[in-house]
Amino acid sequence: MAKKKPARARPSRPQKSAEPTTAQLRQEYYARRAAEQALAELGLQLDEREPAKGDAHWWGGARDALDRLEIIHATWRFAGLNGFAPEPEDFDPDGGWPTAEEVEAVFGSWDKMLDESGIDDAVFGLIVEKALAAHEKLGAREKELELKATKLEAEEKKIPELKRREEVARAKRDEADSARASAEAERDGIVRERDAAQARVSALEAEVAELRAAAAAASDAPPAEGELLEEMERALSSVAATEQARDELHERMERLRAEREQDRRAIAELTQLLSRVDAEGAEAPDGGVPAAEEAPPTTVLEAVERAAAESKHLKFAPKAFETASESPFRRPGLVLRTLRSLDDLAGRFAAGDMGKSLVQAAADHGITQYKHDIAETTRKRYEDDYSFFLDGPGSPKLWVGPHIGLGSGSGAQFIARIYLHVADGSDTDVPRGIYVAVVGRHLPDTTT
């Protein structure tokens, strides 16, 4: 049992004097004399009887039991005030405690007194031990959380560089695609020229064969035949040049394909790493730190399905899964993390524990791109896109308005939206809460 030195004892109170006053002695004397006279008048004078004697053995046992009780009481009182059993040096008579000598005189030894008092089996000793064990466990947990926080901070610092590298890789890929398209167009033109040249060469070869046959009969070739032969030579040279250009274009296209494949692999690796960073930025569903690293989702649909399975407060409409399956967004880990944070926000909203707007409360949960509504003209113009059925056809039809933006850049591969319906509970068919309606592509509006 843990042991602490007791605090400084309080000064003992001064005891009242036990000596009677002169007036009290005089009054007692007169009362006793009056009693003796009354007994003498009644014939009850007891002077001739032997004085009564006490039972010294009985009184000795009582004093011994009282001493033991006082010492045990002092032991428990000391433990109750200090939280640990006393040692012989802790019993200071100046502090109002019995001495170690008195304890040994009554119990025989200090250990026997502790055994008889039962102080070693006291529940506060167990409580102290459990408190110390819990403190040690909390200290270890705190270190674990600090390491996890340090790791997350390091990963967070990598995000801008990862995004920059992804943008560079995407620009290189777009440039390679453009160069490949130009090379393919140029190749097609050269192929067409080559085919025309080959057709022309075939025709010229046929004519040359005829002319050679005719020239065999004559010694000298006419001027027209010489010009035709020169034209044929030029056509053959043109065909050779065309074939060489074709081969060069083919080699260039092969290089472009290799560069494009390399860029594609780099983008895939960066996307996977960014997804892992997005997933690791989230807490576990129970609010703690995950016991092991979680594999990031590979698609938006997988992220929505995982969030729906873990959700305690957030509700998902069938349309949310349909739109998620069509989304090419490259950061499904960010979708999962946002939906988990949104689930915590939905719990606060359902309980009415807000004290601020949903936009402000969303920022408290790390959701910074929360918009409270869309334009009414957009909702009316694109009614089918901005409405959904709560539980499929036949269930209540609801409108979406609040939405969350994800990602940066342009294109469905780099940006996404989560569209919501917020029910305040005024409709008895739609309980109070936050409903996920659409996850994935940016819905059409007046700007698109």
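Summary of the structure given here. If you're wondering where the values come from, they're calculated on a predicted model, not measured in any experiment.

1. Observations regarding the packing of helix H7 (residues 300-310) against helix H9 (residues 332-351)
Turning to step 1, where the next piece is worked out: The N-to-C vectors of H7 and H9 enclose an angle of 20 degrees; their axes lie 8 Å apart at closest approach. Considering their axes alone, H7 and H9 lie roughly parallel with respect to each other. Crossing of H7 over H9 shows right-handed handedness. Only Pro332, Val335, Leu336, Leu339 and Arg340 of H9 make contact with H7, whose side of the interface consists of Val300, Ala303, Val304, Arg306, Ala307 and Glu310.

2. Re H9
One full turn of an α-helix is made of 3.6 residues, so residues set three or four places apart face in the same direction.
Turning to step 1, where the next piece is worked out: For H9, with 20 residues, the first-to-last C-alpha span of 29 Å sits near the 28 Å given by 1.5 Å per residue.
Turning to step 2, where the next piece is worked out: Where burial is concerned, most of H9 is hidden: 15 out of the 20 residues are buried.

3. Considerations on the packing of helix H3 (residues 100-107) against helix H4 (residues 110-117)
Turning to step 1, where the next piece is worked out: Where H3 contacts H4, the two axes come as close as 8 Å, and the packing angle between them is 70 degrees. Judged by the inter-axis angle, H3 sits roughly perpendicular to H4. Here Ala100, Val103, Glu104 and Phe107 of H3 lie close against H4, whose contacting residues are Trp110, Lys112, Met113 and Glu116.
Turning to step 2, where the next piece is worked out: Grouping the amino acids of the contact of H3 with H4 by side-chain chemistry returns five nonpolar, no polar and three charged.

4. Describing the packing of aromatic side chains
Turning to step 1, where the next piece is worked out: On inspection of all chains with the given rule, the structure shows eight aromatic pairs.
Turning to step 2, where the next piece is worked out: Taking 6.1 Å as the distance between ring centres and 75 degrees as the angle between the ring planes, the aromatic pair formed by phenylalanine 78 and phenylalanine 91 counts as edge-to-face. You can see phenylalanine 78 sitting in helix H2 (residues 56-82) and its partner phenylalanine 91 sitting in the loop between H2 and H3, a full 13 residues away along the chain. Residue phenylalanine 78 shares its accessibility class with phenylalanine 91, and that shared class is buried.
Turning to step 3, where the next piece is worked out: Cluster of aromatic residues (ring-pair linked, three or more members): Phe78, Phe84, Phe91, Trp97 and Trp110.
Turning to step 4, where the next piece is worked out: The ring centre of phenylalanine 349 lies 4.0 Å from the NZ or CZ of arginine 432, which sits over that ring.

Cut-off values and rules
Residues numbered from 1 in each chain as written. Predicted model: local features only at pLDDT ≥ 70, side-chain atom pairs only at ≥ 80, totals over all residues. Heavy atoms only, no water. Axes fitted to C-alpha atoms, helices over the stretch in contact; angles between N-to-C directions. Helix = DSSP H or I, 4+ residues; strand = E, 2+ residues; numbered from the N terminus. Parallel < 35°, antiparallel > 145°, perpendicular 65-115°, else oblique. Left-handed = near helix turned anticlockwise from the far one by under 90°. Contact = heavy atoms within 4.5 Å. Expected span 1.5 Å × (residues − 1). Buried < 20%, exposed > 50% of the residue type's maximum accessible area, 1.4 Å probe, protein only. Nonpolar A, V, L, I, M, F, W, Y, C, P; charged D, E, K, R; others polar. Phe/Tyr/Trp six-rings, centres within 6.5 Å; stacked < 30°, edge-to-face > 60°. Lys NZ or Arg CZ within 6 Å of the ring centre and 35° of its normal.

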